[in-house]
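Architecture and fold: a report
In case you want the letters, here they are:
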Amino acid sequence: MAEPRWPEPGAGTLDVRALTGGRLLDDVPCYISIQDRHFRILEANRKLVEDFGEHLSERCYAVFKGRVEPCPECPVARTFQDGQEHTSGETIFDRSGLPHAVIVKTSPLRDPSGEIVAVMELFADITVQKELEHRLHDSLTRFHNLFDVVPCYVSVHDRDFRIVEANQRFKESFSRRLGGFCYEIYKHRKEPCPACPVADAFADGHSHSDEQVVFDNAGRQLHVVVYTAPVRDARGQITDVMQVAADITEMRTLQDQLASLGRLVGGIAHSIKNVLEGLRGGVYVANLGFRDQNQADIQTGWEMIQRNVDRLSAMILDMLYCAKQRSPRRLPVSLPEVTRAVVQLFAARSADAGVQLAAEIADNLPDLLAEPRDIHSLISNLVGNALDACYTDQDEQKSSRVLVRVSRQDEQAVIEVADNGTGMDEETRGKLFTMFFSTKGASGTGLGLVVARKVVTEHGGTISVDSTPGQGSTFTVKLPLGGPA
Amino acid sequence: MTAEAGPRKKILVVDDEPDVCLYLSRLFQENGYAAACAGDGLEAMPAVERDKPDLITLDLSMPNKSGVRFYREIKSRPDLKDIPVVFVTGVTGPGGSSADTERFYSTRSQVPPPDGFIAKPIDPAEVLGVVGKLLRRSP
């Protein structure tokens, strides 16, 4: 290089090296340049020269940014202005045009009189960090997207069972607010659950799974399969537990339906077998009569056949009724009239069995909008059952009674059928409305209450039962006065 | 076909299904036995005490578990426990529930096992075979 890089000290120009500590600058592993008030580069360290070329006296904005005029936000200018250090993030381009993300720090250089004569600019190359930051951001975004689109409920729980993070789906179904307790949010509990796969994962650091029933924010019951896994920090300490829950409600419903279909088929087979037994008996007895020309046997046999054919047809009608989807007509039905008719129908039977059958009918009942036949069959079913419960009661001391109470409660008609018969245990109560479940052995079809419930549901009402073994049962039906919605 | 010479052996049929009662009793009568019917355990007990039958057929799956109770009582009474009792089990084949029989077995330790089994649907030849064998053996 012909011209000296540095003006000689004492030549009336600025001795930059004296201000900055000389060659020390060359050994610093970052870019350093010194600019004057006009953004001319007075000095550059070796690394800067290597990567950006020799550009002494050229304007920094031209050298680093390829600009023709000063940058709008310039830390060098600001330092000249206020004498303070400034920091900014910039992108500069090296001699081969590659961008470098840098953090720029500027500080004033003063002459002995304290005047700012130059500004030293220090560039820390953060290109690699920037790149990493980008990738981190990308993967975070991707992770979050995955987190949100995954067709499961994903939540992250801390040691206190607070939900610290959750995906979109979880938020939509359970809680938008983070920080709540999982057991409160979807288990409606006041304290942690006794068996908890989150607690298990915290305890042993392994994955755990469980099948649970949870409640969404609309109060619906969901069946979920839950998997939990510990989330560890860099030191390997478990900080949180992540839970993934898959909704299997539909599958459960299907499974239940399949199971009840299985029971249904079994029940049908069982009921038909019983009827078949009666038919065979009838045929046997009738055949004896034909063989011996015995009129009594022929008659008995035919009666048996007749009875069982009737049973079979009643059963099939009930079964068809259960299987059919239909909406009942909405005709005015006088509940008091139907109730009295049913009580009348059962009067002889209850008197024979020594059961006192009575009705209490409120006088403020308007007509119900319903299917008349259905309401009759509903009340007959309940009264028939109540009488059976009294009839099979072993307690000789009791004076058996069945009370049918019909009243009005707001816009609903309430039908209560109470008996003081055998009552039911928990198990029986649970199976009451199951097809072909009967406690009456061969005399029950196991369809009565199924039909009753279907009638109630089709009319937009509810049916419930209250029962104590040995003390009796009360069935309560509530029907909207205006008919089904 | 007559069972044996001498007085007819008496069979009590206990079943809540009247037609099965009729069927079995008529089958027994036709084959040389005297038969009577009872609709449940409560009805059966006085009949046993009165008639002292030589054999009882019992349907276990009756309401109120009165069949099981009846069986226990018979087997716990010294004067009645030697009467052979044949269970007529409701359903054992596919599609049925043998819950009552199973429940009975689970409490079996307190009572002796029954002397015979007949499965529904009833096969007349099988019924007569089981009953005949038991009655020939008894004094």
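Here, the structure is the one placed above.
Residues numbered from 1 in each chain as written. Chains lettered and ligands numbered in written order. Predicted model: local features only at pLDDT ≥ 70, side-chain atom pairs only at ≥ 80, totals over all residues.

The number of helices and strands found in chain B is five helices and five strands. Listed by position from the N terminus, the elements making up chain B come as β-α-β-α-β-α-β-α-β-α. Sorting the 139 residues of chain B into buried and exposed places 42% on the buried side. Restricting the contact set of chain B to residue pairs at least 6 apart, pairs at least 24 apart contribute 72%. (Helix = DSSP H or I, 4+ residues; strand = E, 2+ residues; numbered from the N terminus. Buried ≥ 20, exposed ≤ 12 C-beta atoms within 10 Å, placed from the backbone. Contact = placed C-beta atoms within 7 Å.)

Helices and strands together make up the secondary structure of chain A, namely 15 helices and 17 strands. For chain A, the residues scored as buried account for 30% of the 485 residues in total. Across chain A, every contact between residues at least 6 apart in sequence was considered, and the portion connecting residues at least 24 apart equals 52%.

Three- or four-residue spacings in an α-helix give side chains the same orientation, since the helix completes a turn every 3.6 residues. All names here are of chain B. Compared with the 18 Å implied by 1.5 Å per residue over 13 residues, the 18 Å span of helix α1 (residues 18-30) between its first and last C-alpha is a close match. Of all 13 residues that make up α1, 10 are buried, and the element is covered over most of its length. Residues of α1 that are buried: D19, V20, C21, L22, Y23, L24, S25, R26, L27 and F28. Following α1 by one or two positions, G32 adopts a phi angle in the positive range, close to 95°. (Expected span 1.5 Å × (residues − 1).)

What follows covers the sheet that holds strand β5 (residues 116-125) of chain A. All names here are of chain A. Across the sheet, which stays open at both edges, the five strands sit in the order β2-β1-β5-β4-β3 with antiparallel pairing between neighbours. Two strands bound the open sheet, and with one partner strand each, they are β2 (41-44) and β3 (86-93). Pairs of neighbouring strands in the sheet enclose a mean axial angle of 30°, with direction left out of account. Where strand β1 (residues 31-35) meets β5, five bridges bridge the pair, whose relative direction is antiparallel. Of the residues in β5, the one forming a bridge with Q35 is V119. On top of the sheet, helix α5 (residues 75-82) reaches β1, β3, β4 (99-110) and β5; it is set at about 15° to β4, its chief contact. (Pairing = 2+ DSSP bridges. Axes fitted to C-alpha atoms, helices over the stretch in contact; angles between N-to-C directions.)

Residue and element names in this part refer to chain A. Taking strand neighbours across the sheet as the criterion, the five strands line up as β7-β6-β10-β9-β8 in an open arrangement whose pairing is antiparallel. Strand pairing shows two members of the sheet lacking a second neighbour, β7 (163-166) and β8 (208-215), which therefore form its edges. Adjacent strand axes in the sheet meet at a mean angle of 30° when their direction is disregarded. Where β8 meets strand β9 (residues 221-232), eight bridges bridge the pair, whose relative direction is antiparallel. Note on β9: the bridge partner recorded for E211 is V225. The sheet strands contacting helix α9 (residues 197-204) are β6 (153-157), β8, β9 and β10 (238-247), and the helix crosses β9 at an angle near 15°.

For the rest of this paragraph, the subject is the pairing of strand β14 (residues 401-409) of chain A. Looking down a regular strand, the side chains alternate between one sheet face and the other. Residue and element names in this part refer to chain A. Where strand β12 (residues 356-361) lies against β14, six bridges are found, and the strand directions are parallel. Of the residues in β14, the one forming a bridge with Q356 is R401. Across eight bridges, the pairing between β14 and strand β15 (residues 412-419) is antiparallel. In the strand pairing of β15, Q409 is matched with Q412.

All names here are of chain B. Running from amino to carboxyl end, helix α2 (residues 41-51) crosses helix α3 (residues 66-76) at an angle of 25°, the nearest separation of the two axes being 8 Å. Overall, the two elements α2 and α3 adopt an arrangement that is roughly parallel. Contact residues: G41, L42, A44, M45 and V48 in α2; S66, G67, R69, F70, E73 and I74 in α3. Taken together, the residues that form the contact of α2 with α3 break down as six nonpolar, three polar and two charged. (Parallel < 35°, antiparallel > 145°, perpendicular 65-115°, else oblique. Nonpolar A, V, L, I, M, F, W, Y, C, P; charged D, E, K, R; others polar.)

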